[in-house]
Amino acid sequence: MTENKTLSPLTPPRILISGAGIAGLALARRLDSMGIAYTLIEQRDSMQQSTSGIALPFNAIKALEVLGLDQAVLASAHQVKEVVYCKPSGRILSKASLQQPPINQAPYVALQRSQLHQILSKDLAQNIHFSTSLTDVKQSTNGPATCTFTDSRLNGEFDLIVAAEGINSPLRQQFCGQKDSIVDYQIPNWRFIVEMPDHGLQPTYMLGRTELFMVYPVSPDTLYCYAHVYDEAGQYSTGDAKQHLMQIFSHFRGSATEILSKLDDIDVIPGRLRSVDKPYFSNGRVVYVGDAANACSPLLQQGAAAAFEDIICLSTQLKKQGLDDAITAYQQLRSDRIHWVHHASDAPIAKMKMMQSPIAAFARNTVIRLKGPINVQGWRKLAQQDGLVV
Ligand SMILES: Cc1cc2nc3c(=O)[nH]c(=O)nc-3n(C[C@H](O)[C@H](O)[C@H](O)COP(=O)(O)OP(=O)(O)OC[C@H]3O[C@@H](n4cnc5c(N)ncnc54)[C@H](O)[C@@H]3O)c2cc1C
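In this text, all values refer to a predicted model and were calculated from it rather than measured experimentally.

The next subject is the site of the ligand. Surrounding the ligand, one finds 28 residues, the nearest of these being Glu42, Ala55, Arg113, Asp291 and Ala304. In the model, an oxygen atom of the ligand is placed 3.0 Å from a nitrogen or oxygen of the Ile22 main chain. Between Gln301 and the ligand, the recorded distance is 3.4 Å, taken from a backbone N or O atom to an oxygen atom. Here the ligand loses 86% of its free accessible area of 990 Å² to cover by the protein chains.

Right under this line is the structure:
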């Protein structure tokens, strides 16, 4: 057992959660349910979310079940049954059912991000210190950290700081050197929600060479769309998102044509595919969860699932043992799965440059024809690993 210099077994740890996104909110709810106190800060001034969607595969729903939120999410979400990969012409490359073993352990759903945040933040708003962030953290060896905040009323000591600040986590920057810890794949992307009554679609991935146009239903009448392209020259990194979409995807047929014709009235969110270079778990009493720990490409749609699994694992260990042992156990229990997810999500993205070659894109498509959609292959492997490690 690691010596714990400041806490007796009966002293509850003073826990700070920095960031009220998916990971921070889920952790706050979980600690509430365990009767463990915390302080939760959020740099934004409210819970307002951009209009985008989020897809939750089986293991996200299994984790939500542990958090007691699966029914609330399922009631707001749209369930899908298969995944379709096709060419820009609409010709199908491959299809796979999501209702067969081993990946049918729970439903696959998607919903608007704002709905997920509403569910996660229900009854929590009064616990969140909005417009608040850390200005400094001084750690001591195996002891509490001295924290100062933009709101000086919170200044004081915390035994555990949970960095749930997303990919740009300032805590990771301070303790791990963030400058070198983010990989930018030179892939600008665009997300939006579009109304399309009675679309009748299942999740559909239209693959060009490096261009991807994905539609994922969030209701029978609404689609979440995601598009990206490899862009070494940076020509699509700035400027008019809608013009870029029209230019890059003008040759895409099927639902893409109809969706692109509706862009005028739609808010498009531009972004870039970026990941942490490797998973991070902790530095002393600072523990990383969610994207602060393991941001990777959304290929396997594991972002929310990983955040939920992280906080379930961490909170369970906090309940079981002293702080320093809990932190060690968190890293040990999460390491294999997180390294696998990070690698499986990013390896195909890291090779995107090669897909500019028609031969490489043809070879990739041949593999998809033979083995099935890339994300379904990933979910099958994930489903065969140990489940939720708590
Ligand atoms: C294009 C794209 C598509 C995606 N699609 C999916 C998908 O379909 N399914 C899926 O599961 N995942 C998806 N993801 C990943 C998913 O969005 C993330 O994994 C998830 O949002 C991580 O949650 P988080 O709470 O760790 O971080 P975030 O959601 O980034 O939340 C971090 C929070 O911390 C706050 N914060 C930041 N800095 C500070 C600070 N210094 N002090 C206080 N607060 C701070 C932020 O304001 C924010 O509220 C996608 C990601 C991208 C980029």
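As a further point, take the sheet that holds strand E3 (residues 53–56). Pairing is antiparallel in the open sheet, where three strands are placed in the order E3-E7-E4. The open sheet is flanked by E3 and strand E4 (78–80), the only strands paired with a single partner. The sheet shows a mean angle of 25° between the axes of neighbouring strands, taken without regard to direction. Note that E4 and strand E7 (residues 108–112) share three bridges and pair antiparallel. Among the inter-strand pairings, His78 is bridged to a residue of E7, identified as Ala110.

At a minimum axis distance of 9 Å, the contact between helix H1 (residues 22–34) and helix H4 (residues 113–121) shows a crossing angle of 25°. With respect to their mutual orientation, H1 and H4 come out roughly parallel. Here the hand of the crossing between H1 and H4 comes out left-handed. Contacts from Ile22, Leu25, Ala26 and Arg29 of H1 reach H4 at Arg113, Leu116, His117, Ile119, Leu120 and Ser121. Each residue belonging to the contact of H1 with H4 can be placed in one class, and the counts come to six nonpolar, two polar and two charged.

Definitions and cut-offs
- Residues numbered from 1 in each chain as written.
- Predicted model: local features only at pLDDT ≥ 70, side-chain atom pairs only at ≥ 80, totals over all residues.
- Heavy atoms only, no water.
- Near = heavy atom within 4 Å.
- Polar contact = N/O pair within 3.5 Å; in protein donor to acceptor, adjacent residues only side chain to side chain.
- Areas by Shrake-Rupley, 256 points an atom, 1.4 Å probe, with all protein chains shown as cover.
- Pairing = 2+ DSSP bridges.
- Helix = DSSP H or I, 4+ residues; strand = E, 2+ residues; numbered from the N terminus.
- Axes fitted to C-alpha atoms, helices over the stretch in contact; angles between N-to-C directions.
- Parallel < 35°, antiparallel > 145°, perpendicular 65-115°, else oblique.
- Left-handed = near helix turned anticlockwise from the far one by under 90°.
- Contact = heavy atoms within 4.5 Å.
- Nonpolar A, V, L, I, M, F, W, Y, C, P; charged D, E, K, R; others polar.

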